[in-house]
Amino acid sequence: NWLHTLGEATRITDEGDEVPVLAEASVRFKVLSRKESLKLAEDARLQAKEQRYSAAKHGGETSDEILESEEIAGRLKTEITRDGTIFVRYHPRLIVNGSSLDELRANADTITSYYADKGITVVPGSDEQRELWLESLPGDNLRVEDLGQISDGYGFFNSLFWGGSTLGTKRGPAIGQISGHTSGLARIDL
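This section reports on the structure supplied with the text. Worth saying up front: this structure is predicted, and the values here are computed from it rather than measured. (Residues numbered from 1 in each chain as written. Predicted model: local features only at pLDDT ≥ 70, side-chain atom pairs only at ≥ 80, totals over all residues. Heavy atoms only, no water.)

Quick notes on the overall build of the chain
For the chain, the helix and strand inventory stands at six helices and seven strands. Here the C-alpha atoms of the chain give a radius of gyration of 22 Å, more than 25% beyond the 16 Å that 2.2 N^0.38 yields for 190 residues. Principal-axis analysis of the C-alpha atoms places the extent of the chain at approximately 75 × 40 × 35 Å. In the chain, which comprises 190 residues, the share counted as buried stands at 24%. Here the analysis covers contacts within the chain between residues at least 6 apart in sequence; of these, 59% occur between residues at least 24 apart. (Helix = DSSP H or I, 4+ residues; strand = E, 2+ residues; numbered from the N terminus. Rg over C-alpha atoms; globule rule 2.2 N^0.38 Å. Buried < 20%, exposed > 50% of the residue type's maximum accessible area, 1.4 Å probe, protein only. Contact = heavy atoms within 4.5 Å.)

Shown next as structure tokens:
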């Protein structure tokens, strides 16, 4: 739902008007092979297993999170082998625009806090501004590797679906009805 909610982000201007935030999403991804997916699941399982052994060796009690992580990673290996589950490594980017530096900063702050309210961490690029800008150019390569995430293919591809529409202007007489996900009146400013 993170992509759908991007279109709903608005901010209040100094004049008191509510305006949409100028932002767009970009996602680069790679579907991992079965071998790569199995290796990731096994690495996660082994790491949890080592943490469990370390806690037992030092006389501590193993936390429920470590036990659960080991169990989930084991189930993932089974799903990959038996059901053909695939992993996707992806790099989501939210590109914020503005007509001035102040508007750009206000839009970036709005997007950051908007997603924080939804439990999603969005951080403006600080040391990688040039690399992130170059990434936004058509045909450029991925330059900032450490901002990636891994998901199963089903969850990843379903997270990208968004259907919406914008028709008409905000002011003027109503000329029709918009139906569907973004329902409302279609207006025209004569």
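Considering the nonpolar core
Core analysis: the biggest nonpolar cluster contains 10 residues, these being Trp2, Leu3, Leu6, Ala9, Val21, Val96, Ile111, Tyr114, Tyr115 and Val122. Each residue touching Val21, except ones within four places of it in the same chain, is listed here: Ala9, Thr10, Arg11, Asn107, Thr110 and Ile111. (Core = buried A, V, L, I, M, F, W, Y, C linked by side-chain atoms within 4.5 Å.)

Quick look at the pattern of salt bridges
Where charged atoms of side chains with opposite charge meet at close range, the side chains can pair. Tallied over the entire structure, the rule returns nine salt bridges. A salt bridge links Arg11 to Glu103; the shortest N-O distance between them is 4.0 Å. Taken together, the residues span a long stretch of sequence, with Arg11 in strand S1 (residues 10-12) and Glu103 in helix H4 (residues 101-116) at a distance of 92 residues. You'll find Arg11 and Glu103 in the same group, each marked buried. (Salt bridge = Lys/Arg side-chain N within 4 Å of Asp/Glu carboxyl O.)

Brief notes about the sheet that holds strand S4 (residues 87-96)
Read from one edge of the open sheet, three strands run S3-S4-S5, paired in antiparallel fashion. This sheet does not close on itself; its edge strands, each paired only once, are strand S3 (23-31) and strand S5 (149-152). Across the sheet, the axes of successive neighbouring strands diverge by a mean angle of 35°, strand direction being ignored. Strand direction decides the pairing type here: S4 and S5, joined by four bridges, are antiparallel. Note that in S5 the partner of Arg89 across the bridge is Ile150. (Pairing = 2+ DSSP bridges. Axes fitted to C-alpha atoms, helices over the stretch in contact; angles between N-to-C directions.)

Overview of the side chain of Asp140
With respect to the helices, strands and loops of the structure, Asp140 is situated in the loop between helix H5 (129-135) and S5. Not counting residues up to four positions away in its chain, the partners in contact with Asp140 are Arg28, Leu134 and Glu135.

Brief notes about helix H2 (residues 34-57)
Relative to the 34 Å expected for 24 residues at 1.5 Å per residue, H2 spans 34 Å between its end C-alpha atoms, a close match to the ideal helical length. Among the residues of H2, Ser37, Ala41, Glu42, Arg45, Ala48 and Ala55 are the ones counted as buried. For H2, the secondary structure elements touched by its buried residues are helix H3 (64-83) and S4. Directly after H2, the chain includes Gly59, whose backbone phi takes a positive value near 80°. (Expected span 1.5 Å × (residues − 1).)

Considerations on a negative patch on the surface
On the surface, Asp14, Glu15, Asp17 and Asp102 cluster together into a negatively charged patch. Relative to the helices and strands, Asp102 is located in helix H4. Overall, the relative accessible area of 61% leaves Asp102 in the exposed class. (Patch = residues over 30% accessible without salt bridge, like charges linked within 9 Å, V, L, I, M, F, W, Y side chains within 5 Å. Areas by Shrake-Rupley, 256 points an atom, 1.4 Å probe, with all protein chains shown as cover. Lys, Arg positive; Asp, Glu negative; His and termini not counted. Charge placed at Lys NZ, Arg CZ, Asp CG, Glu CD.)

Observations concerning a nonpolar patch on the surface
There is a patch of nonpolar side chains on the surface, built from Phe29, Val31, Ile86 and Phe157 and spanning about 320 Å² of accessible area. Relative to the helices and strands, Ile86 resides in the loop between H3 and S4.

Some points on the side chain of Glu70
Looking at where Glu70 falls in the secondary structure, it is placed in helix H3. Classification of Glu70 by relative accessible area gives buried; the value is 14%. Only 2.7 Å separates the side chain of Glu70 from the side chain of Arg52, close enough to count as a polar contact. (Polar contact = N/O pair within 3.5 Å; in protein donor to acceptor, adjacent residues only side chain to side chain.)

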